[in-house]
Amino acid sequence: MKIIKKIYLCYVILLLALTGFLLLYTRKSLIMYEYAQPEKRVNQLITAMKNGLTDTLEAQAVTPDDNIILPGFSVSVDNITECNRFENPESFIEEISAELKDGAVVTYRNTGEDYDTGAMNYALYLGTEHFADLNLLPKDSSIRLLFLKMTEWQPEKLILKKEGSRHSVHIEMPADHSAAINGVLLTEEYLSSLTELPELEYCRRYTDIPGIKSYDIEGFLSDEDVNIYDAYGNLCDAQISSEHSYRVGYEKENMPAELKKTVLDMAETYSLFFTRDLPGATVSIDPIRKLFPEDSEYLSLAETYRRHDMEIIVAHSGTAFKDEKISDYTRYGSGCFSCRISFVKTMNMYGTELEDDTDNVYYFVNIDGEWKIADIE
């Protein structure tokens, strides 16, 4: 009887030991099976990304319960982003690295299986942005618990990309200006049009005036940094008329005091001619000849006026000017500018003071070092 009890006790102990072994074996098998899933490899890689992106990522081994279940690995990183000459694909990597280091959450989804190689394909996301693809190749396999097939998955390559809708950039500026996009100087190969300003038609007879040129550049994936510089290298304040469209015209500037005095004197001298207030005005147009280019239509018109209409000017005295203003000074290159000149000319006629208002835009050109009136609006 005692022998039977001892045998039974040994049997129970053996059975408990065997059960315990089977439970431990099963537990370990399930853990190994869980860590053999391809998603664990993806998570290893995502963890490695937290330190930023380099040419090669080193993923650390996963060691639950102090037993190495999933070994570490290294994977090369390729960037296949296609962009235009104004965008650097390396800058996209830097942006992604900065986000990863700041703790951005990376998500992923399985995009299918390659049935020729057995590879599992995954797309990686930062927010909604698909920024990388990862392929896992199946290596050695083993079976535990008769039905748990565990495959060793080896990351083949991490492929970075920049996706999204591409946009174009339009830039419009004077022909003597220059522009840089993302620090890269814009060249004439992107020139789409070159037009002349119609208001400068008469000025172009006497000096070269830069027209307005337009550029259209396609293929941008990210917002661009556009800088436009005038002919003197000064940064211009561009008008953004619509998304990704930049325009700089000929900008109004502060007129030098000496030049103000010169152009005001020219405009007032021209005005005095028509009221017979210049000596010799009734005899010829010589008093205003120096104000205009030699072939100016304004001299011909003045001569016609002198011959046919000047005699109707009623005698007057005390001609003077007041409320003199000069504004809207705009340079068109080094040899031409325009400005608005306004003043009130007063005169006494039969004891009554009369006023004549002038408010015109004058266009000046430089001929042999002297400023001449090319046109008046």
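Source: prediction; values computed, not measured.

A. Representation of the nonpolar core in the model. In this structure, F273, I288, I341 and F364 are the most contacted members of the largest nonpolar core, which totals 29 residues. Broken down by secondary-structure element, the contributors of at least two residues to this core are α4 (257-274), α6 (297-308), β17 (336-349), β18 (352-367) and β19 (370-376). Of the residues forming this core, the biggest block, 8 residues, is contributed by α4. I46, M49, A104 and M120 belong to the second-largest nonpolar core, a separate cluster that totals 27 residues.

B. Just α4, in detail. Helix length check: α4, at 18 residues, gives a terminal C-alpha distance of 27 Å against a target of 26 Å (1.5 Å per residue), a fit within 8%. Buried within α4 we find L259, V263, L264, M266, A267, E268, T269, Y270, S271, L272 and F273. At its buried positions, α4 is contacted by α5 (286-289), α6, β16 (317-331), β17, β18 and β19. Positioned one or two residues after α4, R276 has a phi angle of 55°, which is positive.

C. Spotlight on the environment of Q154. Structurally, Q154 can be placed in strand β6 (residues 148-160). Linking Q154 and Q239, residues 85 residues apart in sequence, is a C-alpha distance of 53 Å.

D. Summary view of the sheet that holds strand β8 (residues 178-181). Pairing is antiparallel in the open sheet, where 3 strands are placed in the order β9-β8-β12. Of all the strands in the sheet, just β9 (184-185) and β12 (226-229) have a single pairing partner and so form its edges. In this sheet, β12 lies alongside β8 in antiparallel orientation, the contact comprising 4 bridges. In the strand pairing of β12, S178 is matched with Y229.

E. Quick look at the pattern of salt bridges. A complete count under the given rule lists 17 salt bridges for this structure. Here K161 ties to D133 by a salt bridge, and the two come within 2.5 Å at their closest N and O atoms. Note that K161 is positioned in the loop between β6 and β7 (167-174) and D133 in strand β5 (residues 129-144), a separation of 28 residues in sequence. Taking the relative accessible area as the measure of exposure, K161 reaches 16% and is therefore buried. Residues participating in the shared-partner salt-bridge network are D133, K161 and E163.

F. Structural detail: the pairing of strand β3 (residues 106-113). Pairing analysis gives 7 bridges linking β3 to strand β4 (residues 120-126), with the strands arranged antiparallel. Paired with G112 across the bridge in β4 is N121. Taking the residues between adjacent antiparallel strands as the criterion, β3 and β4 are bridged by 6 residues, where G118 takes a positive phi near 80°.

G. Expanded view of the side chain of T269. Positionally, T269 belongs in helix α4. A relative accessible area of 14% means that T269 is categorised as buried. A distance of 2.7 Å separates the side chain of T269 from the backbone oxygen of D265, its partner in a polar contact. Non-local contacts of T269, meaning those with residues more than four positions away in its chain, are made with L278, P287, I288 and L291.

H. Structural context of the side chain of Q44. Position of Q44 relative to the elements: it lies in helix α2 (residues 38-49). Discounting chain neighbours no more than four positions away, the residues touching Q44 are A59, Q60, A61, V62, L70, P71, G72 and F73.

I. Focus on unusual backbone geometry. Even without being glycine, H244 reaches a positive phi, approximately 65°. Checked against the element boundaries, H244 lands in the loop between β13 (239-242) and β14 (245-247). The backbone phi angle of D323 is positive, close to 50°, even though this residue is not glycine. Within the secondary structure layout, D323 lies in strand β16.

J. Expanded view of the state of the cysteines. For the coordinates displayed, the defined rule picks out 0 disulfides. C203 carries a free sulfur, and the closest cysteine sulfur to it, the one in C336, is 3.8 Å from it. Overall, C203 belongs to the buried group, its relative accessible area being 0%.

What counts, and at which threshold
- Here, residues in each chain are numbered from 1, in the same order as that chain's written sequence.
- For a predicted model such as this one, the threshold for reporting local features is a pLDDT of at least 70, and the threshold for listing and counting side-chain atom pairs is 80 or more; totals across whole chains, interfaces and linings nevertheless cover every residue.
- Only hydrogens and water are removed before side-chain values are computed, so all heavy atoms of the structure are retained for them.
- Within this scheme, the nonpolar core is defined by two criteria: the residues are buried Ala, Val, Leu, Ile, Met, Phe, Trp, Tyr or Cys, and they are joined through side-chain atoms within 4.5 Å.
- Think of it in three bands: with a 1.4 Å probe and only protein chains considered, a residue is buried below 20% of the maximum accessible area for its type, exposed above 50%, and partly exposed in between.
- Each helix is a run of DSSP H or I of at least 4 residues and each strand a run of E of at least 2, with the numbering of both proceeding from the N terminus.
- A helix is expected to span 1.5 Å multiplied by its residue count minus one.
- Here, two residues are considered to be in contact whenever any of their heavy atoms come within 4.5 Å of each other.
- Any two strands are treated as partners once DSSP identifies two or more bridges connecting them.
- Any Lys or Arg side-chain nitrogen located within 4 Å of an Asp or Glu carboxyl oxygen qualifies as a salt bridge.
- Polar contacts here mean pairs of N or O atoms no more than 3.5 Å apart (in protein, one a potential hydrogen donor and the other a potential acceptor; neighbouring residues in sequence count only if both atoms are side-chain atoms).
- Cysteine sulfur atoms that come within 2.5 Å of each other are treated as a disulfide pair.

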